[in-house]
Amino acid sequence: MTANVRPETVRAKPTVVEVSLGARSYDIVIGRDILATLGSRIAALRPGAGAYIVTDENVARHYIGAAKASLDHAGVTMNSIVVAPGEASKSYRVFEQVCEAIIAARIERGDLVIALGGGVIGDLAGFAAAAVRRGLDYVQVPTTLLAQVDSSVGGKTAIDSAHGKNLIGAFHQPILVLADTALLDTLPVREFRAGYAELVKYGLLGDAVFFAWLEANWRDIFAGGNSSGSFAREHAVAVACRAKAAIVARDERETGDRALLNLGHTFGHALEAACGFSDRLLHGEAIAIGMALAFEFSARRQGLVSKADAARVVRHLADTGLPTSIKDIPGPQPSVDQLMELIAQDKKVRRGMLTFILVRGIGAAFVEAGVEEREVRAFLNEKLAER
């Protein structure tokens, strides 16, 4: 799909998943070639509203033209800002630029922000929408697999701190998520693979049948464009979105089982921060390593899951080309002391006690508060000593 797509060329009957939050409920619309419906959907949800698009240079090159054409076709006035791609844009500096640009465009409280991009843009634009004029509506148009199955759903918005990832932010739900799987066709293989790690997460945390389906069908998901690949991709995105929507509806602000969605993230976020939030380690790659570590920690140090299950998880991640070990990260390795310091800044820490998402099996994750620091330290020492 390119920027010259006409608004009326749309495939019928996308999948719709509702995030049930009472008066703040919204739909996740999933399908191929549905970006062209963006304008009509916004006009129906917020008649007369103007829009402000936040995107990055890579996405703008492919899709901002199609998004603007759809908005224009529906009579939605718009402005836009294009920021640099990558995690570095989740910063105070870029957040200020986006907020000031929205204000300068005279966006009113009845207008809305459109996050057109991956997880970085969704987090950045969503946080700006939460802050400007004490809260604007916003729409998520995720353009990466990771964003379509995870970060665009649930209302978590944030920028990064020097102390760690996503430490400054707000819960702010969108009014619509539009997940066009055709937009994934232009995604670099490495980015797509990183997003696949978040798909695997849903199988590992609560759906062993889905994990087995992924083992059998991951090649079709990666292939995408043909009929079987298109079906597999849309099915996988829909399953993940239904799982996340159900969890968010039960626990919007992560006071209970929404924390399960952080499987692999305590280790993974620490590794991202240790790598300086750089291209050395993409978010999904960090989560792949983090999930492998969570299964191995549950098996080796806690005796909760069989080593065979842990090996099965590591094997599937490795089969798709994802990293599964700290040693797979290019460049200098972080020290155990550095990782432990970063883990101590994790948002799930309560009164200084470490909280991890551990597993009793594939599809059987649980929240474990009060994990002993010495156990984590000993495990990381073991992993870094491996050859």
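Residues numbered from 1 in each chain as written. Predicted model: local features only at pLDDT ≥ 70, side-chain atom pairs only at ≥ 80, totals over all residues. Heavy atoms only, no water.

**Points about the side chain of aspartate 123**
Residue position: aspartate 123 is located in helix α4 (residues 119-131). Side-chain polar atoms of aspartate 123 contact the side chain of lysine 90, separated by 2.7 Å. Sequence-distant contacts of aspartate 123, defined by excluding residues within four places in its chain, comprise Lys90, Lys156, Thr157, Ala158 and Asn166. (Helix = DSSP H or I, 4+ residues; strand = E, 2+ residues; numbered from the N terminus. Polar contact = N/O pair within 3.5 Å; in protein donor to acceptor, adjacent residues only side chain to side chain. Contact = heavy atoms within 4.5 Å.)

**Comments concerning the sheet that holds strand β3 (residues 51-56)**
Across the sheet, 7 strands lie side by side as β1-β2-β9-β6-β5-β3-β4; this open sheet has mixed pairing. With partners counted over all chains shown, the strands left at the sheet margins are β1 (15-19) and β4 (78-83), one partner each. The mean angle between the axes of side-by-side strands here comes to 15 degrees, regardless of whether they run parallel or antiparallel. Here β3 runs beside β4; their pairing, made up of 6 bridges, is parallel. Residue pairing for β4: tyrosine 52 is matched across the bridge by asparagine 79. The strands touched by helix α1 (residues 38-45) are β2 (26-31), β5 (112-117), β6 (137-142) and β9 (176-180); relative to β9, the strand with the most contacts, the crossing angle is about 165 degrees. Of the strands in this sheet, β3, β4, β5 and β6 touch α4, which is tilted by about 170 degrees from β5. (Pairing = 2+ DSSP bridges. Axes fitted to C-alpha atoms, helices over the stretch in contact; angles between N-to-C directions.)

**Looking at the environment of serine 325**
Within the element layout of this structure, serine 325 appears in the loop between α11 (307-319) and α12 (336-343). Sequence separation between serine 325 and aspartate 309 is 16 residues, and the spatial gap between their C-alpha atoms is 16 Å.

**A word on the nonpolar core**
Counting residues in hydrophobic clusters, the biggest one holds 55 residues, and the most contacted among them are Tyr196, Leu199 and Leu204. With 10 residues, helix α8 (residues 227-250) is the single largest residue contributor to this core. In this view, leucine 199 contacts Leu145, Val149, Phe210, Leu214, Ile221, Ala236, Val237 and Ala240; residues no more than four positions away in its chain are not counted. Formed by 28 residues, the second largest nonpolar core is a distinct cluster that contains Leu271, Cys275, Leu354 and Leu380. (Core = buried A, V, L, I, M, F, W, Y, C linked by side-chain atoms within 4.5 Å. Buried < 20%, exposed > 50% of the residue type's maximum accessible area, 1.4 Å probe, protein only.)

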